[in-house]
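Here's the letter readout for the chains.
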Amino acid sequence: MAQYIKINSQVFNADTFIAVTPVISGTTSQISIVTTTTHWDDANEEDFDYWDITTGGAAQATALLSAINAALTANPGGRVVEVPASSDYTISSIALKVGS
């Protein structure tokens, strides 16, 4: 895995990635990045400190998910990999979700 990954203009430490997944509840136009800093809040019964990326729809979220996974595995020895821009998806926001 590369040490860093650039998605849109946001740079992440890829070594902290645990999973990149579709959002299970709510909108299907989002994917979530779960990292080593993501935690479960027992009081509110929710995860916090994870990233949500919003796209233009469910098909775009799936395409972005594939692009992120491809970028992470394309150059395992590289220092920085970038998820390329594509006509298959648009990214409208990248937001850190923190606990209540």
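Everything below is about the structure shown above.
Our subject in this report is the structure included herewith. As the structure is a prediction and not an experimental result, all values here were calculated from the model.

Conventions used here
Residues numbered from 1 in each chain as written. Predicted model: local features only at pLDDT ≥ 70, side-chain atom pairs only at ≥ 80, totals over all residues. Heavy atoms only, no water. Pairing = 2+ DSSP bridges. Helix = DSSP H or I, 4+ residues; strand = E, 2+ residues; numbered from the N terminus. Axes fitted to C-alpha atoms, helices over the stretch in contact; angles between N-to-C directions.

Our next topic: the sheet that holds strand β4 (residues 30–35). Taking strand neighbours across the sheet as the criterion, the 4 strands line up as β3-β4-β7-β9 in an open arrangement whose pairing is antiparallel. Sheet topology places β3 (17–22) and β9 (91–97) at the edges, where each strand pairs with a single neighbour. Taking each pair of neighbouring strands and ignoring which way they run, the sheet shows an average axis angle of 15°. Pairing geometry for β3 and β4, over 5 bridges, is antiparallel. Bridge pairing in β4 links A19 to V34.

So, on to unusual backbone geometry. Backbone geometry places N8, a non-glycine residue, at a positive phi of 60°. With respect to the secondary-structure elements, N8 resides in the loop between β1 (4–7) and β2 (10–13).

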